[in-house]
Amino acid sequence: MRELSLNVMDVAQNSVRADAKLVTITVEESETNHTLSISIQDDGCGMTEEQVQQVIDPFFTTRTTRKVGLGVPLFKMSAEQTGGKFEIKSEVGKGTLTKASYVTNHMDMTPLGDINSTVSILIRCNPDIDFVFIHSTDNASFTLDTRELREILQGVSLDTPDVLEWINEFLEEQTQLIYGGANK
């Protein structure tokens, strides 16, 4: 994939299909250490060890619309090609954690891309699922937690235009702050 945010979208959609009620997306960047870590954790149905092995196989998919499943294998490859690491931990009935770690100064590093749009689209398309998005850099961090928004909104759906506009503005403002005032 051209940008890592698309991998995040794909893995988070797997969480949605696994009946997750809460999906946590964490992006940790360190220019000082030349690292980027992306994790997607859910409370979905989870997988057996055999299923975990199948999900990293590009020729396995549970979907009926195509015969291959490239999302997770490409995510894994993108991390490993930079000298980074990839792991999936899952427990049936409890959920799954997918984590990719990158060496950002490697010549094969894929750009993060528009992670804010990815998070916004996930919320818009899945308004009944809660998402927690944590983004940190060497400078600072921020969190967007839809559970907190639901409490404030008292029944207003997350996919209403005004709420989505606020979410997009919040993500943009906070991203500028954690990058020291300039959005990357």
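Attention in this report is confined to the structure presented alongside it. Values in this document were obtained by computation on a predicted structure and should not be read as measured data.

## What to know about helix α6 (residues 161–178)
For α6, spanning 18 residues, the distance from its first C-alpha to its last is 26 Å, which sits close to the expected 26 Å at 1.5 Å a residue. Residues of α6 that are buried make contact with α4 (115–125), β5 (130–136), β6 (141–145) and α5 (146–153). Remark: Gly180 follows α6 within two positions and exhibits a positive phi of approximately 80°.

## Thoughts on the packing of aromatic side chains
Evaluated as defined, the whole model comprises four aromatic pairs. Taken together, a centroid distance of 6.0 Å and an interplanar angle of 85° make the contact between Phe142 and Phe170 edge-to-face. Of the two residues, Phe142 sits in strand β6 while Phe170 sits in helix α6, which places them 28 residues apart along the sequence. Like Phe170, Phe142 is buried. When the ring of Trp166 is compared with that of Phe170, the centres are 5.1 Å apart and the planes differ by 15°; the resulting orientation is stacked. Within this pair, Trp166 and its partner Phe170 are both found in helix α6, separated by four residues, close to a single helical turn.

## Digging into helix α3 (residues 71–80)
Three or more residues of α3 are buried, namely Gly71, Val72, Pro73, Phe75, Ser78 and Ala79. Where α3 is buried, its residues contact α1 (4–17), β2 (35–42), α2 (49–55), β3 (85–91) and β4 (95–103).

## Some words on the sheet that holds β5
With mixed pairing, the six strands of this open sheet are ordered in space as β3-β4-β2-β1-β5-β6. Strands with a single pairing partner mark the edges of an open sheet, and in this sheet they are β3 and β6. Between one strand axis and the next, the sheet turns through 5° on average, direction left out of account. Note: strand β1 (residues 22–30) against β2, eight bridges, orientation antiparallel. In the strand pairing of β2, Thr26 is matched with Ser39. Together, β1, β2 and β4 form the strand contacts of α1, whose direction differs from that of β2 by roughly 15°. Each of β1, β5 and β6 is contacted by α4, which is oriented at about 170° to β5, the strand it contacts most.

Parameters at a glance
- Residues numbered from 1 in each chain as written.
- Predicted model: local features only at pLDDT ≥ 70, side-chain atom pairs only at ≥ 80, totals over all residues.
- Heavy atoms only, no water.
- Helix = DSSP H or I, 4+ residues; strand = E, 2+ residues; numbered from the N terminus.
- Expected span 1.5 Å × (residues − 1).
- Contact = heavy atoms within 4.5 Å.
- Phe/Tyr/Trp six-rings, centres within 6.5 Å; stacked < 30°, edge-to-face > 60°.
- Buried < 20%, exposed > 50% of the residue type's maximum accessible area, 1.4 Å probe, protein only.
- Pairing = 2+ DSSP bridges.
- Axes fitted to C-alpha atoms, helices over the stretch in contact; angles between N-to-C directions.

Distances and angles like these do not, on their own, reveal function.
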